[in-house]
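Here are the chains, one letter per residue:
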Amino acid sequence: MLIPHPLLGPRDAQEFVYLGDAALIDRPDGTAAGIEAFHDYLYLRDNPAGQHRELWYHEQGDRSWLVVTRDTVTHEILKAELARDVALARGRGR
Amino acid sequence: MAEPLPPRTPFGLAEPLRRRIGPVGIVERFDLALVSLAERQGKAEAFATAARAAGIPLPGPARRAEAPPFAAFWVAPGMWFVEAPLDTHPDPVAALKPVFGAAASLSEQTDAWVRLELAAGDLAPLLERLCNVDYATAPDGFATRTLIEHLGCYLIRLGPGAATLLGPRSSAESLLHAIETAAAAIA
Amino acid sequence: MSGPFRLPSGGLIDRGRTLRFTFDGRAFAGHPGDTLASALLAGGVRLMGRSFKYHRPRGPLSAGSEEPNALVTLRSGARAEPNTRATVAEIYDGLQATSQNRWPSLRFDLMAVNDLIHPFLAAGFYYKTFMWPARFWERLYEPLIRRAAGLGRLSGEADPDGYDKGFRHCDLLVIGAGPAGLMAALTAGRAGARVILADEDFLPGGRLNAERLEVADMPGADWAAAVVAELAALPNLRLMPRTTVIGAFDHGIYGAVERVADHLPEPPPGRPRQVLWRIYARRAVLAAGATERPIAFPGNDRPGVMLAGAMRAYANRWAVAAGRRVALFVNNEDGLRTAADLAERGVEVVAVIDARPEGARLPGLRHLRGAEVVATAGRLGLRSVTLRHSDGRRETIAADALGVSGGWNPNLQLTVHHRGRPRWDEAIAAFVPGPGGPPGLAAAGAAAGLMSTHGALASGRARALEALADLGIAARAADLPRAEDAPVSLRPVWHVAGARGRAWIDQQNDVTVKDIALAHAENFTGAEHLKRYTTLGMATDQGRTGNVIGLAVMAGLTGRSIAETGTTAARPPYTPVAIGALAGRSRGKAFRPVRLTPSHRWAEEQGAVFVEAGLWLRTQYIPRPGETHWRQSVDREVLATRASVGICDVSTLGKIDIQGADAGAFLDRVYANTFSTLPVGRCRYGIMLREDGIVFDDGTTARLAEDEWVMTTTTANAVAVFRHLEFCRQCLWPALDVQLISTTEAWAQYSVAGPNARRLLERIVDQDISDAAFPYMAAGRVTVCGGLRARLFRISFSGELAYEIAVPARYGDGLIRALVEAGRDFDAVVYGTEALGVLRVEKGHVAGGELNGQMTALNMGLGRMVSRKKDAIGVVLSGREGLTDPGGHRLVGVRPVDPSAGLTAGSHLLEPGAAKVAENDLGWLTSKVYSPHLGHDIALAYLRGGEARIGSRMRAVNLLAGTETEVEITSPHFIDPQGERLRG
């Protein structure tokens, strides 16, 4: 596969490490949320046949975490964003 | 100046390595200092000003730029590797820290890498056996991280027949072996 | 003349040169341009192999890579390569080829007895036969099957040749250099696009080399040669002959195997035999042509029965007559070309048996309309053909070769490598590329079902123009050269009905029409079931000549159409690939990179024994003269360290530079314990959890300045921890001011441990390192040896007074020599990973065996380190009920009750009287060493309810090693439990 890196253009998936569902960005606040919330966060994932937002790490590249929107059926990649930008846009900060 | 301890190259030798395999020349550089320069959050302006004042170029993604005595290449969002002659910058962090203050994070990288200068009439036939970089169409000054036989390296294109390769120091011998094998295959 | 069947003139061979080779020890001659099959056929050899199951005598069916029968072993000794297709192997002077799957000889094969008992070996026989009695399986059936299975044999020796890998990029990849591929390459090449033209043959041109068809008013082969010459001169086009594109992968990545030196006696020095290319193509044109298929009729597998197109190729390209008296059996117009070409070349054509009842007859030949072949004869080669005329009358004709044409199947395999599903095209009675194929790949020519030369040229040009337009590359449509545009005119005949005897469909796996009928009778009627039940298409040729016939026969039996019956999916590789090509350079010592520490050379000089730790080579121990057992060396290193001082290379530990105004806050989030409160100039032991609450890694992290920290990770987890930290920094807390960089490789680091550690280091370090100036857990910048910048950490893994000292890696070699020199009068030792292990087990520190990815801090006895006052990764879930069970596993120490008894790592702990079953398993020994201080084995263990069991006796049982030892459960701290030594 080729991952369309937002800064570096198409890069071979061999350079990346795959993590999975981009919902892992939405980590609950550990000072407020309890075991139930963390359990759901960590273990409950969608496994869609179709569009999926997932985390890829450019380990053999610029070390950016990316959020890649990929069709799990066709492997078509519709979008790739810097995960940091996605996290900031989702209200994550300090 | 006599050094307190005798330095050794990543190959464990006192002198830098020189090799020629068929059309390919390999020359090790052991006289350059390398430092990582990272922009601190919210300090973009101070960072840019300090870099300008120091004369350090800050090229964009996948690029290297020269501004003697410095050269720099982009390694990650907000991070560059800065090169300088070792004889004038033996402790590059100490030299740059006062310039950047709290606007940057600096970390010594000189000895983390083995630096090999590759030369041939055309390096594309060699590099296409080593990594997935499309060297033939890359512009001069192209700088990228790439995988060579499982080793994360930086490849910098200086010209069609000249390139710099930075590989992890501890695997210098494995990297050299890969280059020599590939060079013999096209010799 | 190179053989009795070589035609006196013609062919794309160099008659001026003769190449000598042997087949089964017999000498033959051929010419440059010959394949092994063409040269053997010229020499009168038709029998080239034995079939897989029935050991039937077989000759070449084809003249290309689809060959199911003529599989031979090339070369000898370590270079012997089994199961290569004689039809594509180029000969060279001195080539040795041997037949396979026969004993004692190809002509007389004892295993041919299988052919006599064939009624017992029908499809699925092994599912039924080897079922009972069950105890026969291991002793009898499996060895029997293993001996009978397979074709050629491996040499059993290491391959002396090298293989390589590489990466190429292009705008347009053209797969196949026949008329469609050449026209596509020409169109794109002239437009200035970067083009790769890959062809599996050594001579580009495809079918044009095998036909007498004209292109642009010249022989097709000449036109191809002229185009190839033009293409070869283009700087933007790369011609890759002898290169098979084996697979289409995601996003325009193609795999290709280039046979660089298979046509040479051995590769030139340094050169690889083959190269596996990973081709990045923005667009691709599949111009892989088509494969002719036979017709199933009784005895259709005898040597001498051959595809009509192959017969034509042997005559036209290699100037070889397939026989003296040739018959043909066809169901389509193309098959008639063979008759015409052979007759033109003076080969006697005794009959053209044409299954189509209507139509004109070939002039001057015995062209029988509406006739079919119903039998053949000849034990090791065809002698006669029996046909059934349209009126039912039978006739036997003497013939030594029979060309068969049942139509052509487009080579659409690559279009199926993603989700493509072929579409049945009634007009040519074949599957053609359907929707869902790899994006960016378009088929042209015969691969797309366009079977005329004109169709190939026109579609090759059209697909190239479309690709170029897609890419925004301006192109001009080159004039189409004049070429034939004949219709296919085919009457589907899959197998000859109403004839007795076995009719072969998949010749490599010996699948017959009867086997298909059996599968149908047993209700294995789907394409996938049919394949698995009969093994149709499961041989190395993936059924390129047999699949469609098999599906058609099944369709006939079920009454469904072929389209409804469907087809199985082709998978990479398109043709078989040598394992060596997939391994590339990654063999032997180059299998993976090796990491060496900065003082590796020094350790080598000392005669150190090294151990692999991930990619690292670490010093395991350094034997001294007279030491004959590793334990002697290790015991000495341990005792000397505790008695005086020891030095250990710890450069392999992961080192991560963490800077920024929020670095302390960041560390609080990634470590279970608190770091932000640590003063500058101090370090702290930290444990890092995964989000599920399990311990991920541990190490010490030092604060070198207000905003600058250096983290240590375990050697094994350095990369994973860095990745995790980047995840936390970029995805979880993107507004924290934190910058990360690995400095593992930049520093050489040595542990100096033992009562004399400070005295030794005082001779190295330029600053005051007295206990007052540099207390336990102090960390900071110092200089050594008169001004060299260094980092010093007062940390201990051994329980002794200990420091770790780091210098830039280039000075590591110098530093270890200086340390050893400075320690000479303290009798300092350098110790390796074994002694390191003993020292830390004696002290009860967790490491590899304990950090096993299954245990919490609580399990490790470090539960109090987990701070619940802050948000950190893993803290919440570490509080889950199942992980906080008071009776759960706890880290304990284990010692044998009888000090002379040994412990076995991995032993399980049981109550004294408990039966040795899993339900009674209460824990296990994670690390075991011999403690030279205590004079007996000691171990760390995880034990249920561990703390409460300290002082009790249990049994350590290892059923694998067959050991059982009575043990006492102890505290994990075997030495200096109060920690007085390390603060000394």
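Reading guide: rules and limits
- Residues numbered from 1 in each chain as written.
- Chains lettered and ligands numbered in written order.
- Predicted model: local features only at pLDDT ≥ 70, side-chain atom pairs only at ≥ 80, totals over all residues.
- Heavy atoms only, no water.
- Helix = DSSP H or I, 4+ residues; strand = E, 2+ residues; numbered from the N terminus.
- Buried < 20%, exposed > 50% of the residue type's maximum accessible area, 1.4 Å probe, protein only.
- Areas by Shrake-Rupley, 256 points an atom, 1.4 Å probe, with all protein chains shown as cover.
- Lys, Arg positive; Asp, Glu negative; His and termini not counted.
- Charge placed at Lys NZ, Arg CZ, Asp CG, Glu CD.
- Contact = heavy atoms within 4.5 Å.
- Patch = residues over 30% accessible without salt bridge, like charges linked within 9 Å, V, L, I, M, F, W, Y side chains within 5 Å.
- Salt bridge = Lys/Arg side-chain N within 4 Å of Asp/Glu carboxyl O.
- Pairing = 2+ DSSP bridges.
- Axes fitted to C-alpha atoms, helices over the stretch in contact; angles between N-to-C directions.
- Parallel < 35°, antiparallel > 145°, perpendicular 65-115°, else oblique.
- Left-handed = near helix turned anticlockwise from the far one by under 90°.
- Nonpolar A, V, L, I, M, F, W, Y, C, P; charged D, E, K, R; others polar.
- Buried area = accessible area lost by both parts, 1.4 Å probe.
- Arc of directions from axis to C-beta.
- Polar contact = N/O pair within 3.5 Å; in protein donor to acceptor, adjacent residues only side chain to side chain.
- pLDDT = per-residue confidence, 0-100.
- Phe/Tyr/Trp six-rings, centres within 6.5 Å; stacked < 30°, edge-to-face > 60°.
- Lys NZ or Arg CZ within 6 Å of the ring centre and 35° of its normal.

Asks: Would you take a moment to explain the overall build of chain C for this structure?
Replies: Secondary structure assignment for chain C yields 23 helices and 50 strands. Here the C-alpha coordinates of chain C stretch approximately 115 × 70 × 55 Å along the principal axes. Counting over 984 residues, chain C shows a buried share of 62%. Of the roughly 36900 Å² that chain C leaves accessible, carbon and sulfur atoms contribute 53%. Seen as two clouds, the 114 positive and the 103 negative side-chain charges of chain C have centres 4 Å apart.

Asks: Looking at this structure, how should I read the overall build of chain A?
Replies: Along the backbone of chain A there are 2 helices and 6 strands. Taken from the N to the C terminus, the helices and strands of chain A come in the order β-β-β-α-β-β-β-α. Structurally, chain A occupies a C-alpha span of about 40 × 30 × 20 Å along its principal axes. Counting the 94 residues in chain A, one finds 51% classified as buried. Partitioning the intrachain contacts of chain A with sequence separation of at least 6 by distance along the chain shows that 48% fall at a separation of at least 24. Surface accessibility of chain A: about 4300 Å² in total, with carbon and sulfur atoms responsible for 50%. Of the side-chain charges in chain A, 11 are positive and 15 negative, and the distance between the mean point of each set is 7 Å.

Asks: Got a minute to help me understand a nonpolar patch on the surface in this structure?
Replies: A contiguous nonpolar patch, built from Val113, Leu116, Ile117 and Phe120 of chain C and spanning about 430 Å² of accessible area, is present on the exposed surface. Secondary-structure assignment places Phe120 of chain C in the loop between helix H2 (113–116) and helix H3 (125–129).

Asks: Teacher, can you tell me more about the sheet that holds strand E4 (residues 64–67) of chain B here?
Replies: Across a sheet, paired strands are connected by hydrogen bonds in the backbone, their directions being either parallel or antiparallel. Residue and element names in this part refer to chain B. As summarised here, the arrangement of the 5 strands in space is E4-E5-E6-E3-E7, forming an open sheet in which the pairing is antiparallel. Edge positions in the open sheet fall to E4 and strand E7 (104–108), since each of these has one partner strand only. Ignoring which end each strand starts from, the neighbouring axes of this sheet average 25° apart. Here 5 bridges tie strand E3 (residues 32–39) to E7, and the two strands are oriented antiparallel to one another. By the bridge assignment for E7, Val35 is matched with Glu108. Each of E3, strand E5 (70–76), strand E6 (79–85) and E7 touches helix H1 (residues 44–54); the most contacted strand, E3, lies at about 155° to it.

Asks: Even after reading the chapter, I still don't get the packing of helix H5 (residues 179–190) of chain C against helix H6 (residues 220–232) of chain C, so can you show me in this structure?
Replies: Helix-helix packing is characterised by the crossing angle of the two axes and by the distance between the axes. Residues and elements named next belong to chain C. For the pair H5 and H6, interaxial distance at closest approach is 10 Å and the crossing angle is 30°. When the axes of H5 and H6 are compared, the pair comes out roughly parallel. As for the relative orientation of H5 and H6, their crossing is left-handed in sense. From H5, Pro179, Leu182, Met183, Ala185, Leu186 and Arg190 reach across to H6, where they touch Trp223, Ala224, Val227, Val228, Glu230 and Leu231. For the contact of H5 with H6, the residue count by class is 10 nonpolar, no polar and 2 charged.

Asks: What is the right way to read the interface of chain C and chain B from this model?
Replies: One widely used convention gives an interface's size as the accessible area the parts lose upon coming together. Contact residues are listed per partner, giving 56 residues for chain C and 55 residues for chain B. Counting the surface lost from both chain C and chain B, the interface buries some 4300 Å², and carbon and sulfur atoms represent 47% of this. Applying the counting rule to chain C against chain B returns 10 salt bridges. When the shortest N-O distance is used, the salt bridge between Arg168 of chain C and Glu128 of chain B registers 2.7 Å.

Asks: Can you help me understand the pattern of salt bridges in this one?
Replies: Inspection of the entire model under this criterion finds 89 salt bridges over all chains. Between Arg129 of chain B and Asp164 of chain C there is a salt bridge, with the nearest N and O atoms lying 3.2 Å from each other. Of the two residues, Arg129 of chain B sits in the loop between helix H3 (124–127) and strand E9 (143–148) while Asp164 of chain C sits in strand E8 (residues 162–175), which places them in two different chains. One salt bridge connects Asp140 of chain B with Arg157 of chain B, and the closest N-O pair in it is separated by 2.8 Å. With Asp140 of chain B in the loop between H3 and E9 and Arg157 of chain B in strand E10 (residues 151–159), the pair connects residues that are 17 residues apart, well separated along the chain. By relative accessible area, which is 9% here, Arg157 of chain B ends up buried. Several salt bridges share partner residues, and in doing so they unite Arg29, Asp31, Arg64, Glu66, Glu83, Arg115 and Glu117 of chain B into one network.

Asks: Is there a simple way to think about helix H2 (residues 92–100) of chain B in this case?
Replies: Each turn of an α-helix holds 3.6 residues, which means side chains three or four residues apart point in the same direction. All names here are of chain B. Along H2, the residues that are buried comprise Pro92, Val93, Leu96 and Phe100. Projection of H2 onto a plane perpendicular to its axis shows the buried side chains occupying an angular sector of 80°, all on one side. On its buried side, H2 packs onto E3, H1, E5 and E7. In the segment just after H2, Gly101 is the residue with positive phi, at about 50°.

Asks: How should the environment of Arg50 of chain C be read in this particular structure?
Replies: All names here are of chain C. Relative to the assigned elements, Arg50 resides in strand E3 (residues 49–50). Residue class for Arg50 comes out buried when judged on its relative accessible area of 7%. Each C-alpha atom of the pair Arg50 and Ala70 lies 8.3 Å from the other, and the pair is 20 residues apart in sequence. Separated by 2.9 Å, the side chain of Arg50 and the backbone oxygen of His55 make a polar contact. Only 3.1 Å separates the side chain of Arg50 from the backbone oxygen of Arg107, close enough to count as a polar contact.

Asks: Sorry if this is basic, but what is going on with the confidence of the model for chain C here?
Replies: Low-confidence regions, as indicated by low pLDDT, have predicted coordinates that should not be scrutinised in detail. Summary statistics for chain C give a mean pLDDT of 95 and a share of 98% for residues scoring 70 or more. This prediction of the complex comes with two scores: 0.95 for pTM and 0.99 for ipTM.

Asks: Sorry if this is basic, but what is going on with the pairing of strand E6 (residues 77–82) of chain A here?
Replies: The side chains of a regular strand alternate between the sheet's two faces. Residues and elements named next belong to chain A. For strand E5 (residues 65–71) and E6, the ladder comprises 5 bridges, and the chain directions are antiparallel. Within the sheet, the bridge partner assigned to Arg70 lies in E6 and is Ile77. Hairpin remark: E5 followed by E6, antiparallel, with 5 residues in the connecting loop; positive phi at His75, about 70°.

Asks: What is the right way to look at the environment of Arg944 of chain C in this model?
Replies: Here Arg944 of chain C lies in strand E48 (residues 936–944). Sequence separation between Arg944 of chain C and Leu922 of chain C is 22 residues; the distance between their C-alpha atoms is 5.4 Å.

Asks: What exactly am I supposed to notice about the interface of chain C and chain A here?
Replies: Each partner contributes to the interface: chain C provides 34 residues, whereas chain A provides 39 residues. Roughly 3100 Å² is buried in total at the junction of chain C and chain A, and carbon and sulfur atoms are behind 56% of that figure. Applying the counting criterion to the chain C and chain A interface returns 6 salt bridges. Along the contact surface separating chain C from chain A lie 21 residue pairs in polar contact (both at pLDDT 80 or more). For the side of chain C that touches chain A, the leading source of residues is helix H18 (residues 718–732) of chain C, giving 8 residues. Classifying every residue of the side of chain C that touches chain A by side-chain character gives 18 nonpolar, 4 polar and 12 charged.

Asks: Before we go on, may I ask you to explain the side chain of His58 of chain A in this structure?
Replies: Within the secondary structure, His58 of chain A sits in the loop between strand E4 (51–57) and E5. Accessibility expressed as a relative area gives 0% for His58 of chain A, which makes it buried.

Asks: Could you clarify how one ought to interpret the sheet that holds strand E1 (residues 18–21) of chain B in this entry?
Replies: Residues and elements named next belong to chain B. If you trace the 6 strands from one edge of the open sheet to the other, you get E1-E2-E8-E11-E10-E9, paired in antiparallel fashion. At either end of the open sheet lies a strand with only one pairing partner, and these are E1 and E9. Within the sheet, the average angular offset between the axes of one strand and its neighbour, ignoring direction, is 25°.

Asks: Please clarify how the packing of aromatic side chains should be interpreted in this entry.
Replies: Between two aromatic rings, the relevant description is the distance of the centres plus the angle of the planes. Applying the stated criterion across every chain yields a total of 23 aromatic pairs over all chains. With centroids separated by 5.4 Å and ring planes inclined at 40°, the aromatic side chains of Tyr314 of chain C and Trp318 of chain C adopt a geometry described as tilted. Trp318 of chain C carries the same exposure label as Tyr314 of chain C, and that label is buried. Through successive ring pairs, a cluster of aromatic residues spans Phe73, Phe81, Trp113 and Tyr154 of chain B. Over the face of the ring belonging to Phe5 of chain C we find Arg324 of chain C, whose NZ or CZ atom lies 4.1 Å from the ring centre.

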